[in-house]
Amino acid sequence: MKTLVLGGYGNFGARISRALAQDAGIELWVGGRDLERATAFAQSLGGPVRGARGVRIDAQSPDLAQGLGFLGVDLVIHTAGPFQGQDYRVPQAVAAAGSHYIDLADGRRFVCDFPAAMDAAFRRAGRTAVAGASTVPALSSAVVDHLAAGWQSLRSIDICIAPAQGAPRGEATLAGVLAYCGAPIRVWQGGRWTEQPGWAHPAKVQFARMKPRRGALCDIPDLELFPARYAGVQSVMFRAALEVGLTQHAFAFLAFLRRAGLLRAPQKLAPLLHATGGVFDAFGTALGGMVVRVEGIDAQGAVARRAWHIAADDNHGPEIPCMAAILLARRLARGDVLPTGAHACAGLLTLTEFDPEFTRWGMVTDVINEAPPAP
């Protein structure tokens, strides 16, 4: 299966390219604006069949569909973020070229509006399109499904991602995060929609194999997808917890400045913060992780609370956002049938399917039955 990774030598694209280059069923093309970089990176990958190839391709080019058609690719994996504020010209071009499409989007509007905007085009093409094949909502939904399997009802979902300070950071990812710093975010709490500011008011979060951290609200697709996906759920929360407390407080300060009208576009600070972020690496570690907590009524009718933890050492945490795209690409290469049309990546993968990838990178997972809160 001829597969093109857009942004294939970037922070996440490079990881996906390395993984897929070793798959005998995939003919890999590494795409980007810089042909020299794309070619050099592709040549460094090798591969079991003919080796990866580099190609110059601009995701925002008006003739992208023609370029994809000329290459004859079967699958396009779009990693060129940030997806916050990005339109659908790339998946539109992919549908016009008659290819499958997968992206790593974590932008709330991009992922949540994707099915309605793109379903007809991909159904006409007879192809599959998946948005959000990343930590959220692909892995997060798989974890919730696993934790609450067999339960009578689900009351609350609480998720926190805790990256290692030393893990590689992409400027595009940072820009996406800063885009909603201090902005009002719609959150499903107590069975109704409320608004809370992004990255403000950090709260303490407990992890199984890491020290507690303070996490703050982030605007991700799960906040909107999960109240619709899990009938009866009363609260859905998602936080990010930075390892160095000073950086977490810095984000909270930026949120305050935006709310006060003193900082209109925090995302414009991404290049500066990306360039200076390494200053704090000496105060952190290579250990990051994630926790998903659910509370509800179990199969016996009792109040239950369960938590799934993952710990990723050696700065391997950034591999996690890439896993869903890799797994789905391999399924397509094997000839597995994925649903035609456009979909948000919730419920397309099971937690068990991720396990070999966790093992590959030495990541440790725990499922813990916690004491439910006192009535």
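None of these values were measured; they are calculated from a predicted model. (Residues numbered from 1 in each chain as written. Predicted model: local features only at pLDDT ≥ 70, side-chain atom pairs only at ≥ 80, totals over all residues. Heavy atoms only, no water.)

Undergrad: How would you explain the overall build of the protein if you had to name every residue and give the values?
TA: Helix and strand counts for the protein stand at 13 helices and 16 strands. Taken against the 2.2 N^0.38 rule, which gives 21 Å for 375 residues, the C-alpha radius of gyration of the protein at 20 Å falls within 12% of a compact globule. Its C-alpha atoms put the protein at 60 × 50 × 40 Å along the principal axes. Put simply, the protein shows about 16000 Å² of open surface, and 53% of that area lies on carbon and sulfur atoms. Measuring between centres, the 36 positive side-chain charges of the protein sit 4 Å from its 32 negative side-chain charges. (Helix = DSSP H or I, 4+ residues; strand = E, 2+ residues; numbered from the N terminus. Rg over C-alpha atoms; globule rule 2.2 N^0.38 Å. Areas by Shrake-Rupley, 256 points an atom, 1.4 Å probe, with all protein chains shown as cover. Lys, Arg positive; Asp, Glu negative; His and termini not counted. Charge placed at Lys NZ, Arg CZ, Asp CG, Glu CD.)

Undergrad: Requested: an account of the domain arrangement of the protein, with residues and values cited.
TA: As far as domains go, the protein holds domain 1 (2–134 + 319–349) and domain 2 (137–317 + 355–370). One C-alpha centre belongs to domain 1, the other to domain 2, and the line joining them spans 25 Å. Taken residue by residue, the interface counts 27 residues in domain 1 and 34 residues in domain 2. In total, about 2200 Å² of surface goes out of reach between domain 1 and domain 2, with carbon and sulfur atoms giving 61% of it. Ranking the residues of domain 1 by area buried against domain 2 places R108, E319 and I320 at the top, with a combined share of 31%. In this structure, D219 engages R108 in a salt bridge whose closest nitrogen and oxygen atoms are separated by 2.8 Å. Elements that contribute at least two residues to the side of domain 1 that touches domain 2 include exactly α5 (108–112) and α12 (320–333). Classifying every residue of the side of domain 1 that touches domain 2 gives 14 nonpolar, 7 polar and 6 charged. (Domains from an automatic or database assignment. Contact = heavy atoms within 4.5 Å. Buried area = accessible area lost by both parts, 1.4 Å probe. Salt bridge = Lys/Arg side-chain N within 4 Å of Asp/Glu carboxyl O. Nonpolar A, V, L, I, M, F, W, Y, C, P; charged D, E, K, R; others polar.)

Undergrad: How would you explain the packing of helix α7 (residues 135–147) against helix α13 (residues 351–360) if you had to name every residue and give the values?
TA: Contact geometry for α7 and α13: axes closest at 9 Å, N-to-C directions at 120°. Put simply, α7 runs oblique to α13. Here A138, L139, A142, V143 and H146 of α7 lie close against α13, whose contacting residues are L351, F354 and F358. When its residues are assigned to classes, the contact of α7 with α13 shows 7 nonpolar, 1 polar and no charged. (Axes fitted to C-alpha atoms, helices over the stretch in contact; angles between N-to-C directions. Parallel < 35°, antiparallel > 145°, perpendicular 65-115°, else oblique.)

Undergrad: Can you tell me about the packing of aromatic side chains, naming the residues and giving the values?
TA: Per the stated rule, a full pass over the model turns up 12 aromatic pairs. Centroid distance Y88 to F110: 4.9 Å. Interplanar angle 55°. Geometry classified as tilted. Of the two residues, Y88 sits in the loop between β4 (75–78) and α4 (89–97) while F110 sits in helix α5, which places them 22 residues apart along the sequence. The class of Y88 is buried, set by a relative accessible area of 14%. Owing to a relative accessible area of 4%, F110 belongs among the buried residues under this scheme. Their ring planes at 15° and their centres at 6.1 Å tell us that F354 and F358 sit as a pair that is stacked. Linking F354 with F358, this pair stays in helix α13, spanning 4 residues, or about one helical turn. No difference in accessibility class separates F354 from F358, as the two residues are buried. Ring-pair connections join several aromatic residues into one group, and the members of that group are F83, Y88, Y101, F110, F114 and F122. Here the basic side chain of R186 rests over the ring of W193, its NZ or CZ set 4.3 Å away from the ring centre. (Phe/Tyr/Trp six-rings, centres within 6.5 Å; stacked < 30°, edge-to-face > 60°. Buried < 20%, exposed > 50% of the residue type's maximum accessible area, 1.4 Å probe, protein only. Lys NZ or Arg CZ within 6 Å of the ring centre and 35° of its normal.)

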